[in-house]
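# A structural walkthrough
This is what each chain is made of:
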Amino acid sequence: MCGENSSSLAPGFFVLNGIPGLEAAHTWIALPFCFMYITAVLGNGGLIYLISHEEALHRPMYYFLALLSFTDVTLCTTTVPNMLCIFWFNLKEIHFNACLAQMFFVHMLTGMESGVLMLMALDRYVAICHPLRYSTILTNPVITKAGLATFLRGVLLILPFTFLTKRLPYCRSNFIPHTYCDHMSVAKVSYGNFKVNAIYGLLAALLIGGFDMFCISVSYTMILRAVVSLSSADARHKAFSTCTSHICAIVITYVPALFTIFTHRFGGQSIPHHVHILIANLYLMLPPTLNPIVYGVKTKQIQEGVIKLFFKEKDVLVMK
């Protein structure tokens, strides 16, 4: 218990305990996370490079994909290196302000990831339902403004997390049973009333995730209606195939996200804590790791771009 006057003391640092109950396995748990991180950095970095250098991929769909890749690789970089330090080197302490910064970037980037998926759904809606107006609707200025709006929305809605968390009373040293500074995990170690944090966190999740999922649902409802009305089976298959990668990305992102958000508030007692922490980490790691693979496998233009770039580099090496 903290002393009565400790509410006036700002905590110097937090201690991230990793995955409670699985401390003995931390070294081995770190291996797949390290592999996933390397895969995410190489995959997303490769996608960004390919899209920026291949003229055939200079289209709105791929610009949004590059933005998604940048968001994903930045997101996992905010947590995984620190997580590996906890698992392998037992470096568990994190400064209070550094913890708040990590918390802000984790939630802001996850919000931005959700927003980019929503923009990609709108892109598919315009491409399938209004193909003749596609290039006039989704111009480069419109894409830039949409990306900036998504970024600003995340910043403005997540920034209050830091102030709401900083106002809470803490002891000088606080143990967080987590691998990174998640909003509710930090709030729960306070001995003050964090009800406002829980309410605002749920409100922010609804304003970001709820709004984005609504827009995605409406977009795909309209897409489904347009595709079903096509007379040619080949045309229907082609239209659906352009959406499969995006649908996979949506499932990979939202399923663990919804699990994490709602178990924190409604199901925390019935689910083992280590399971919750593992899912929370997979929530941050699965999309950055799998999205480049999904788009690489499902998107013919990206496959062709990789082959073209590979042989181009090979020819350059031969000429040297």
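Our subject is the structure listed above.
Below is a short write-up of the structure. Please read these numbers as outputs of a predicted model, since none were measured by experiment.

What follows deals with the overall build of the chain. Each helix and strand counted, the chain has 11 helices and 3 strands in total. Tracing the chain from N to C terminus, the helices and strands come up as β-α-α-α-β-α-α-α-β-α-α-α-α-α. A globule of 320 residues ought to have a C-alpha radius of gyration of about 20 Å, and the chain, at 22 Å, matches this closely. C-alpha extents for the chain along the principal axes are approximately 70 × 50 × 35 Å. The 320 residues of the chain split such that 46% are buried. Within the chain, contacts between residues at least 6 apart in sequence are counted, and of these 81% link residues at least 24 apart. Of the side chains in the chain, 21 bear a positive and 14 a negative charge, and the two mean positions are spaced by 6 Å.

A complete count under the given rule lists 5 aromatic pairs for this structure. With 5.5 Å between their ring centres and 55 degrees between their planes, F14 and F96 make a pair best called tilted. Taken together, the residues F14 in strand β1 (residues 13–16) and F96 in helix α4 (residues 96–129) connect sequence positions 82 residues apart. The class of F14 is buried, set by a relative accessible area of 0%. Here the aromatic rings of F104 and F105 are separated by 5.3 Å at their centres, their planes lie at 70 degrees, and the arrangement is edge-to-face. An aromatic cluster of at least three residues, connected via ring pairs, comprises F14, F96 and Y170.

What follows deals with the nonpolar core. Ranked by internal contacts, the top residues of the largest apolar core, which has 48 residues, are F14 and F87. No other element matches the 8 residues that α4 contributes to this core. Once you skip the residues sitting within four places of it in the chain, F14 turns out to touch K92, E93, I94, F96, C99, Y170, N174, I176, V186 and V189. L47, M112, L138 and A249 belong to the second largest nonpolar core, which has 36 residues in total.

Within the structure shown, the criterion is met by 1 disulfide. Disulfide partner of C99: C181, at an S-S distance of 2.0 Å. On the sign convention where negative is left-handed, the bridge of C99 and C181, at about -120 degrees about the S-S bond, is left-handed. Separated by 82 residues along the polypeptide, C99 in helix α4 and C181 in the loop between β3 (173–176) and α7 (183–188) bring together distant segments of the chain. Residues C99 and C181 agree in their burial class; the two are buried. Between C215, a cysteine without a disulfide, and C129, which holds the nearest cysteine sulfur, the sulfur-to-sulfur distance is 15 Å. Free cysteine: C248, not disulfide-bonded; nearest cysteine sulfur from C243 at 11 Å. With relative accessibility at 29%, the residue C248 sits in the partly exposed group.

This paragraph deals with the environment of Q303. Position of Q303 relative to the elements: it lies in helix α11 (residues 300–319). What makes Q303 partly exposed here is its relative accessible area of 33%. Not counting the four nearest positions on each side in its chain, Q303 is found in contact with G296, V297 and K298.

Before going further, it helps to spend a moment on the pattern of salt bridges. Within the structure shown, the criterion is met by 3 salt bridges. One salt bridge connects R124 with D123, and the closest N-O pair in it is separated by 2.9 Å. A salt bridge links D212 to R153; its shortest N-O distance comes to 2.9 Å. Pair noted here: D212 is in helix α8 (residues 195–228) and R153 is in helix α6 (residues 140–166), with a separation of 59 residues, a long-range link.

Locating T179 in the fold gives a position in the loop between β3 and α7. Of the residues examined, T179 reaches a relative accessible area of 0% and is grouped as buried. Within the structure, T179 has its side chain in polar contact with the side chain of N281 (distance 2.7 Å). Apart from residues lying up to four places away in sequence, T179 is in contact with L16, G18, I19, N82, M83, I86, F87, I277 and N281.

Criteria and cut-off values
- Residues numbered from 1 in each chain as written.
- Predicted model: local features only at pLDDT ≥ 70, side-chain atom pairs only at ≥ 80, totals over all residues.
- Heavy atoms only, no water.
- Helix = DSSP H or I, 4+ residues; strand = E, 2+ residues; numbered from the N terminus.
- Rg over C-alpha atoms; globule rule 2.2 N^0.38 Å.
- Buried < 20%, exposed > 50% of the residue type's maximum accessible area, 1.4 Å probe, protein only.
- Contact = heavy atoms within 4.5 Å.
- Lys, Arg positive; Asp, Glu negative; His and termini not counted.
- Charge placed at Lys NZ, Arg CZ, Asp CG, Glu CD.
- Phe/Tyr/Trp six-rings, centres within 6.5 Å; stacked < 30°, edge-to-face > 60°.
- Core = buried A, V, L, I, M, F, W, Y, C linked by side-chain atoms within 4.5 Å.
- Disulfide = S-S within 2.5 Å.
- Salt bridge = Lys/Arg side-chain N within 4 Å of Asp/Glu carboxyl O.
- Polar contact = N/O pair within 3.5 Å; in protein donor to acceptor, adjacent residues only side chain to side chain.

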